[in-house]
Each structure stands twice: as structure tokens, then as C-alpha cells.
Amino acid sequence: PEDVFAVYEGLAPISEKFMIAAAFGNVHGVYKPGNVKLRPELLEEFQKYAETKIADSKHPLFFVFHGGSGSAKEEIATALTAGVAKMNA
């Protein structure tokens, strides 16, 4: 969480409009379902950490999900709930 928040701190002074491509087991390329072990719950952990650092914030981070091909619907739903605003295959 500290590394992801460090990215936020580096970009926030430049603009309030940016997304972070945080890794949570995702990889680039085309894969069949089940071949990639995602941990989208990590995105929620990143959000909770950021909430402790930013006053009056709920899910202050916006994420881009790279390497989404072959992801299960449940994994995608969890990622979206945790702040994914853009998904790439």
C-alpha cells in the first residue's frame, strides 16, 4: 500500500485526474480463464491505506486494470468495486 500511495503523492500535485496501474497479479497478454491468479482484494487494501492518509476520503484512488483478458467475472467485479475505472485486455 505504501508504494501505491507514494505514486498518488507524486501525481496529485500535478493533476487531480490520473489513474494508477497497481499490480495485483495481473499480467499483459492473452490468457485462458484460470491461468492468471489475480488478487483484486489488494486494490481494496490500497484504498483503505489511502483513506487513512487523506482526510474525509472514500476510495480516493482510481485504478487502471492492465492484463484483464481471461479474468473471471467475480475478479472483475471485485476490481471495479475497489476503484478500477479502466480495464485493458
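These lines cover the structure that appears in this document, whether it is placed above or below. (Residues numbered from 1 in each chain as written. Predicted model: local features only at pLDDT ≥ 70, side-chain atom pairs only at ≥ 80, totals over all residues. Heavy atoms only, no water.)

To continue, consider the pattern of salt bridges. Summed over the entire model, instances satisfying the criterion amount to two salt bridges. The closest approach of N and O atoms between E41 and R39, which form a salt bridge, is 3.1 Å. Judged by its relative accessible area of 41%, R39 is partly exposed. E44 is the salt-bridge partner of K48, the closest N and O atoms lying 4.0 Å from each other. One end of the pair is K48 and the other is E44, both in helix α2 (residues 41-53) and four residues apart, which spans about a single turn. (Salt bridge = Lys/Arg side-chain N within 4 Å of Asp/Glu carboxyl O. Buried < 20%, exposed > 50% of the residue type's maximum accessible area, 1.4 Å probe, protein only. Helix = DSSP H or I, 4+ residues; strand = E, 2+ residues; numbered from the N terminus.)

Turning next to the nonpolar core. Of all hydrophobic cores here, the largest spans 20 residues; its most connected members are I20, L43, F46, L61 and F63. At the level of elements, α1 (2-11), α2 and β1 (63-65) are the ones that each hand at least two residues to this core. Counting residues per element, this core draws most heavily on α2, which supplies four residues. (Core = buried A, V, L, I, M, F, W, Y, C linked by side-chain atoms within 4.5 Å.)

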